[in-house]
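Understanding the architecture of this molecule
Listed here are the chains, written in short residue letters.
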Amino acid sequence: MNLSSTIKSIQDIMRKDDGVDGDAQRLGQLTWMLFLKVFDQREEEWEDDNPHYRSPLDNSLRWRNWAAYVVDADGKKKPQKAASEIIFFVNNRLFPKLKDLDPSLSPQHKVIQSVFADTNNYMKSGTQLLAVIEKLEEAINFHDFKTRTSLGDVYEQLLNDLRSAGNAGEFYTPRALTQFMVDRVNPRLKQREKVLDPACGTGGFLTAVIEHFRRQITEKSSPKDSQAIQELIRGIEKKQLPHLLCTTNLLLHQIDVPSQVDHRNTLAIGWNEWSAHDKVDCVVTNPPFGGYEDAGVGSDYPADLRTRETADMFMSLIIKKLLKDNGRAAVVLPDGFLFGDGIKATLKRLLLRDCKLHTIVRLPKGVFAPYTTIKTNLLFFSKGAKVEDGREHFYTETIWFYEHPYPPGYKSYSKTKPIRVEEFDPEIDWWGNEDNDFADRVENECAWKVDFKARREQAEAAAKPHWDQAQALENEASALENRIRDLRDSIKGITDATQRKPVEEEIEPLRSQIERLRVQARDAQAAGDRLYWPIYNLDLKNPNTPEEESHDPDVLLEKYKKLLGEIEETENQLKAELAAALAHHFVDEVAE
């Protein structure tokens, strides 16, 4: 029986167990067992290489001493623990001891403790658990290079199956995307560039980075190059299941001690807890979008970046805290980020100012189906080096868009027809080189460019008179406030009403005048903003192909929702202008 069939037969065994419910639990159950078996076999290698090696586990807890089948006097393989006792051992001795390991003692202690901190044994039948162990013992010999390679491929397929396992699909990014994004960001092993995925899920981006680094190793490379790979990758994952899957994934990709993957919430790390030491050369990630953090998380973010929407929070961190100067990033984001206003517009302004957003690859619907049908985009950008000359610098001048088409005959992607890495060959051929500012790129039916610098300068020029007027009106109001302050000071301590009355009569109309100036200033500011902020709508359609009329219900529903949003925005603008006009009228009547 081949490895893939063995894994399927193990899942069939688990389906018979009353304690395991659903694909996600079956995968989690299989993975912690696989982790302990593979870790035990890696320990055998470490013991061969280093006679002084000491396991972080008590002897009774090592896979070889409780799970592995042994040969009896008759030459038959048998389990070390009876079916009647093994569940009690796992639940009451193995798991409590693994959860209680001191992570400060060694990287091995840290990895095992973090993997098992929130992991559970779901199986209730000792007989079924022993049957799973027997299958693992028969099929998996991690010392065999062929088995090791095929096990990585089988595991990747198991992770792909998560896409149909309810919400667990959020942790899996199609391999075609991870390979393409890592290839375009191109982390360089020789330069020892560090790579981070701050929402690493099951480790798809990290394993793509490992493979990318290993392809850079040649006959002239030193042993230090291979060793360096272990130190150049870093991941952070909030949830238990994907953290377990990711750690095992890295172990299968020959990362000896995957202690670089932290089990914690990236967004709950205090804004000022991030230091220059945490910055990396490359960020590749698919942050969770559409979700919201608990109240209090992100409360110390700068006021203009404060939000609870997860993808927006990740973008704030990537731009301000995670990327080194001249560092490079590739991020998956939904269409809502491109056309969103409010905090999203503020974030896009920050992105285009502090970074060079050079490419947006627009993906068609269904790339993440069946988990979600939301249309997504790949944003590629590099961090600008700060210039201290008192002026505001925008590093983004030109934005290239590439509309990724469906393959011939496709109307959407699905689990049986996923996006394939070969589909990105046209993008790779077209890509060019950032060192010459992508001078070799040309527009075609899929690719077009936007002169953002010209759009920004035109919008600023149109908005400036209104903003200047708003500032002048605010200055005038402030001067009147100072006048009121001086008048109040002039009657301080005077109790005689006849002496106070002339001053108080002079103050009263000044208050009305200030209110009128403030309303006019807000109107002027809003008029300028309406001319300026639309430049941060990056939901730009391909001008080189006519838009096809679609009768797809999902597409029509999306258009309808967008139209409702535009109607609501127009209504709000009209309400604001009407309120301002009425306020003028009311203030004028009071003044009279």
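Residues numbered from 1 in each chain as written. Predicted model: local features only at pLDDT ≥ 70, side-chain atom pairs only at ≥ 80, totals over all residues. Heavy atoms only, no water.

A cluster of nonpolar side chains, contributed by Leu557, Tyr560, Leu563, Leu564 and Ile567, occupies part of the molecular surface with about 460 Å² of accessible area. Relative to the elements of secondary structure, Leu557 occurs in helix H18 (residues 553-591). (Patch = residues over 30% accessible without salt bridge, like charges linked within 9 Å, V, L, I, M, F, W, Y side chains within 5 Å. Areas by Shrake-Rupley, 256 points an atom, 1.4 Å probe, with all protein chains shown as cover. Salt bridge = Lys/Arg side-chain N within 4 Å of Asp/Glu carboxyl O. Helix = DSSP H or I, 4+ residues; strand = E, 2+ residues; numbered from the N terminus.)

Burial within strand S9 (residues 376-383) is extensive, with eight of its eight residues counted as buried. Going residue by residue along S9, you find Thr376, Leu378, Phe380 and Ser382 tucked away on one face and Asn377, Leu379, Phe381 and Lys383 tucked away on the opposite face as well. Sheet analysis places strand S7 (residues 323-334) next to S9, joined by seven bridges and oriented antiparallel. Note that in S9 the partner of Ala329 across the bridge is Phe381. Pairing analysis gives seven bridges linking strand S8 (residues 355-362) to S9, with the strands arranged antiparallel. Following the sheet pairing, Thr359 is matched in S9 by Phe380. (Buried < 20%, exposed > 50% of the residue type's maximum accessible area, 1.4 Å probe, protein only. Pairing = 2+ DSSP bridges.)

Counted at 1.5 Å a residue, the expected span for helix H4 (residues 83-99) with its 17 residues is 24 Å, and the 23 Å between its end C-alpha atoms agrees. The largest bend in H4 comes to about 40°, at Phe89. What H4 keeps buried is the set Ile86, Ile87, Phe89, Val90, Leu94, Phe95 and Leu98. Of the surrounding secondary structure, the elements contacted by the buried residues of H4 are helix H2 (22-49), helix H3 (63-66), helix H5 (107-116) and helix H6 (126-139). (Expected span 1.5 Å × (residues − 1). Bend = angle between axes of the 7 residues up to and from the residue. Contact = heavy atoms within 4.5 Å.)

Within the secondary structure, Leu129 is located in helix H6. Once the C-alpha coordinates of Leu129 and Ile13 are considered, the two residues, 116 residues apart in sequence, prove to be 8.5 Å apart. With sequence-adjacent residues up to four places away left out, Leu129 is seen in contact with Gln29, Met33, Ile86, Ile87, Val90 and Met123.

Per the counting criterion, the structure on display carries 26 aromatic pairs. Ring geometry for Trp400 and Trp430: centres 5.7 Å apart, planes at 70°, overall edge-to-face. You can see Trp400 sitting in strand S10 (residues 398-403) and its partner Trp430 sitting in helix H15 (residues 425-431), a full 30 residues away along the chain. The two residues Trp400 and Trp430 agree in class, both being buried. Seen in terms of ring centroids, Tyr532 and Tyr536 are 5.5 Å apart; in terms of plane orientation they differ by 70°. Their pairing is edge-to-face. The pair Tyr532 / Tyr536 is uniform in exposure class, with both members buried. Grouped by ring-pair contacts, the aromatic residues Trp32, Phe35, Phe39, Trp46, Tyr53, Phe95 and Phe116 constitute a single cluster. Between Lys81 and the ring centre of Phe89, over which it is positioned, the NZ or CZ distance is 4.4 Å. Over the aromatic face of Trp431 sits the side chain of Arg441, whose NZ or CZ is 4.8 Å from the ring centroid. (Phe/Tyr/Trp six-rings, centres within 6.5 Å; stacked < 30°, edge-to-face > 60°. Lys NZ or Arg CZ within 6 Å of the ring centre and 35° of its normal.)

A separate point is the packing of helix H1 (residues 3-15) against H6. Axis separation between H1 and H6 bottoms out at 9 Å; the angle between their running directions is 175°. On the basis of the axis angle, H1 is roughly antiparallel to H6. Every residue of H6 that contacts H1 at Leu3, Thr6, Ser9, Ile10, Ile13 and Met14 is listed here: Gln128, Ala131, Val132, Lys135, Leu136 and Ala139. (Axes fitted to C-alpha atoms, helices over the stretch in contact; angles between N-to-C directions. Parallel < 35°, antiparallel > 145°, perpendicular 65-115°, else oblique.)

With that settled, the discussion passes to the packing of helix H8 (residues 175-185) against helix H9 (residues 204-214). Two elements in contact, H8 and H9, have axes whose closest approach is 9 Å; the angle formed by their N-to-C orientations is 50°. What the angle tells us is that H8 and H9 run oblique. Judged by the twist between their axes, the crossing of H8 over H9 is right-handed. For the pair formed by H8 and H9, the contact residues are Arg175, Thr178, Gln179, Met181, Val182 and Asp183 on the first element and Gly204, Phe205, Thr207, Ala208, Val209, Glu211 and His212 on the second. Residue composition of the contact of H8 with H9, by class: five nonpolar, five polar and three charged. (Left-handed = near helix turned anticlockwise from the far one by under 90°. Nonpolar A, V, L, I, M, F, W, Y, C, P; charged D, E, K, R; others polar.)

Counting across every chain of the model gives 36 salt bridges. Here Asp262 ties to Arg234 by a salt bridge, and the two come within 3.6 Å at their closest N and O atoms. Note that Asp262 is positioned in strand S5 (residues 261-263) and Arg234 in strand S4 (residues 233-237), a separation of 28 residues in sequence. The partner of Asp281 in a salt bridge is Lys324, and the shortest N-O contact between them spans 3.7 Å. Residue Asp281 is located in strand S6 (residues 280-285), and its partner Lys324 is located in strand S7; the two are separated by 43 residues in the primary sequence. The exposure class of Lys324 is partly exposed, given its relative accessible area of 33%.

What follows deals with unusual backbone geometry. Among all residues except glycine, the phi angle is most often negative; among peptide bonds, the trans geometry is most common. Phi is positive for Asn186, which is not a glycine, with a value near 55°. Relative to the assigned elements, Asn186 resides in the loop between H8 and strand S3 (195-197). Given the relative accessible area of 34%, Asn186 is considered partly exposed. The backbone phi angle of Asp437 is positive, close to 60°, even though this residue is not glycine.

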